[in-house]
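# Examination of the molecular architecture
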Amino acid sequence: MKKALPLLALLCAPLVCAANSTDCHLRVGWEEWYPLIYQQNEQLVGSEYSELQALAHDAGYTLAFIEEPWARALQKLKQGRLDLLYGASHSLEREAFARFSQPYRVEEMVLVIAGVPSAPPVANLSLRQWLNEPRADGRPRTLGVIRGFYYGEELEPIVRDPQATAQRLEVRWDQQLLDVLARGRIDGYLLEDSVARAMQRESTQPLQSFGVSEHTEEPMHLMFSRAVPESVVQRFNAAIARRPR
């Protein structure tokens, strides 16, 4: 059962616009992405949530947030059962079922591994090299990945490289990555820098995060169902253009 959000109108109907009105409701799929969007006292909070609400208000829309795992949310967007997802990387595969806004922020991915006491700081490392280096016990490394996640144009080919010796373990969401790392089932995972730093602050286990030499900042987009009119995307693009940089 989905958690009830009493202060938010959770609408199940498709995109609805009153005649001759710009006030429309968009269904947004969300799941906890601490500290960017999460529940506190039965309300959604976080920088991503605030940014979405500000953009929607400026564009003349209201948002209904419906809790769904990322992979299921993607399917519902394809089917027109959700109107909008956020924090999305652009890809040709997604273009087949989605419309993309202009970038509204950037995100940097980092590699997170179990911490080593007194380890010297390392600013960057090669993800490709790390994936192909065996562990100290000689076994191949295992990288944790989120189901349905696209790691961007630079990292996706490395993460999914069939020639890499590393194995991959899929999980549903961010917190599970931390759990399987603690149990030794994976050797590391990729995560947005802001999310990784929040995890490091609150984790009871030592963690280290490293920049990835093959990666630069990735533009993040709003991703709309193709059932949503292009005019809606244009209104959000105009709102993004008006936001302070």
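Residues numbered from 1 in each chain as written. Predicted model: local features only at pLDDT ≥ 70, side-chain atom pairs only at ≥ 80, totals over all residues. Heavy atoms only, no water.

### Digging into the pattern of salt bridges
- All chains considered together, the criterion is met by 16 salt bridges.
- The shortest N-O distance in the salt bridge between Arg-128 and Asp-161 comes to 3.7 Å. Linking Arg-128 in helix H4 (residues 127-132) with Asp-161 in the loop between helix H5 (152-159) and strand S12 (167-171), this pair joins segments that are 33 residues apart in sequence.
- The class of Arg-128 is partly exposed, set by a relative accessible area of 39%.
- Measuring nitrogen to oxygen at the nearest pair gives 3.4 Å for the salt bridge that ties Glu-170 to Arg-147. One end of the pair, Glu-170, is in strand S12; the other, Arg-147, is in the loop between strand S11 (142-146) and H5, and 23 residues separate them in sequence.
- Three or more residues joined by partner-sharing salt bridges are found here, namely Arg-135, Asp-137, Arg-139 and Asp-187. (Salt bridge = Lys/Arg side-chain N within 4 Å of Asp/Glu carboxyl O. Helix = DSSP H or I, 4+ residues; strand = E, 2+ residues; numbered from the N terminus. Buried < 20%, exposed > 50% of the residue type's maximum accessible area, 1.4 Å probe, protein only.)

### Quick look at the confidence of the model for the protein
- Averaged over all residues, the pLDDT of the protein is 88; the fraction at 70 or higher stands at 88%.
- Across the protein, the secondary-structure element scoring lowest on mean pLDDT is strand S1 (residues 16-17), at 54, and the one scoring highest is strand S7 (residues 98-100), at 98.
- Low pLDDT, under 50, characterises residues 1-13; the predicted model gives this stretch 29 contacts beyond four residues in sequence or across chains.
- Here residues 18-22 scores under 50 on pLDDT; set against residues more than four positions off or in separate chains, the count is 4 contacts. (pLDDT = per-residue confidence, 0-100. Contact = heavy atoms within 4.5 Å.)

### Quick word on empty space enclosed by the protein
- In the structure shown here, the tally under the stated rule is 1 cavity of 30 Å³ or more.
- By volume, the largest cavity is sized at about 320 Å³.
- Trp-33, Trp-70, Gly-87, Phe-149 and Glu-192 are, among the 26 residues lining the largest cavity, the residues nearest its centre.
- Mapped by element, the contributors of at least two residues to the lining of the largest cavity are strand S2 (24-30), helix H2 (70-78), strand S6 (84-88) and strand S15 (218-225).
- For the lining of the largest cavity, the element with the most residues is S6, which contributes 4 residues.
- By residue class, the composition of the lining of the largest cavity is 14 nonpolar, 4 polar and 8 charged. (1 Å grid on protein atoms, 1.4 Å probe; cavity = no way out; pocket = protein on both sides within 12 Å on 5 of 7 lines; lining within 4 Å. Points joined across faces, edges and corners; volume = space filled by probe spheres on them. Nonpolar A, V, L, I, M, F, W, Y, C, P; charged D, E, K, R; others polar.)

### A short note on the nonpolar core
- One finds Leu-127, Tyr-189 and Phe-236 to be the most contacted residues of the largest nonpolar core, which totals 62 residues.
- Other than its neighbours up to four places away in sequence, Tyr-189 contacts Val-110, Leu-111, Val-112, Leu-143, Gly-144, Leu-177, Leu-178, Leu-181, Met-199 and Leu-207.
- Formed by 12 residues, the second largest nonpolar core is a distinct cluster that contains Trp-70, Leu-77, Ala-88 and Ala-98. (Core = buried A, V, L, I, M, F, W, Y, C linked by side-chain atoms within 4.5 Å.)

### What to know about the packing of helix H1 (residues 47-59) against helix H8 (residues 230-242)
- Here H1 crosses H8 at 115°, and the two axes come no closer than 8 Å. Considering only the axes of H1 and H8, their crossing is right-handed. Along its contact with H1, which presents Leu-55, Ala-56, Asp-58 and Ala-59, the element H8 presents Arg-235, Phe-236, Ala-239, Ile-240 and Arg-242.
- Residue composition of the contact of H1 with H8, grouped by class: 6 nonpolar, no polar and 3 charged. (Axes fitted to C-alpha atoms, helices over the stretch in contact; angles between N-to-C directions. Left-handed = near helix turned anticlockwise from the far one by under 90°.)

### A look at the sheet that holds strand S14 (residues 207-212)
- Spatial ordering of the open sheet is given by S10-S14-S9-S13-S11-S12, a layout of 6 strands whose pairing is mixed. The open sheet has two edge strands, strand S10 (124-125) and S12, and neither has a second partner.
- Relative to S14, S10 runs parallel, the two sharing 2 bridges. Across the sheet, the residue bridging to Asn-124 is Gly-211, located in S14.
- Against the sheet, helix H7 (residues 193-202) engages strand S9 (109-114), strand S13 (188-192) and S14, with an angle of about 115° to S13. (Pairing = 2+ DSSP bridges.)

### Concerning the packing of aromatic side chains
- The tally for this structure, following the rule as stated, stands at 6 aromatic pairs.
- Aromatic side chains Tyr-34 and Tyr-38 sit 4.7 Å apart centroid to centroid with 65° between the ring planes, which places their arrangement in the edge-to-face category.
- With a relative accessible area of 29%, Tyr-34 lands in the partly exposed category.
- With 5.2 Å between their ring centres and 55° between their planes, Tyr-49 and Phe-65 make a pair best called tilted. With Tyr-49 in helix H1 and Phe-65 in strand S5 (residues 61-67), the pair connects residues that are 16 residues apart, well separated along the chain.
- Taking the relative accessible area as the measure of exposure, Phe-65 reaches 1% and is therefore buried.
- Among the aromatic side chains, those forming a connected cluster through ring pairs are Tyr-61, Phe-224 and Phe-236. (Phe/Tyr/Trp six-rings, centres within 6.5 Å; stacked < 30°, edge-to-face > 60°.)

### Some remarks on the environment of Leu-181
- As for its position among the elements, Leu-181 is in helix H6 (residues 174-182).
- For the pair Leu-181 and Gln-205, spaced 24 residues apart in sequence, the C-alpha separation works out to 9.7 Å.
- The residues contacting Leu-181, other than those within four sequence positions of it, are Ile-113, Ala-114, Ile-186, Asp-187, Gly-188, Tyr-189, Gln-205 and Leu-207.

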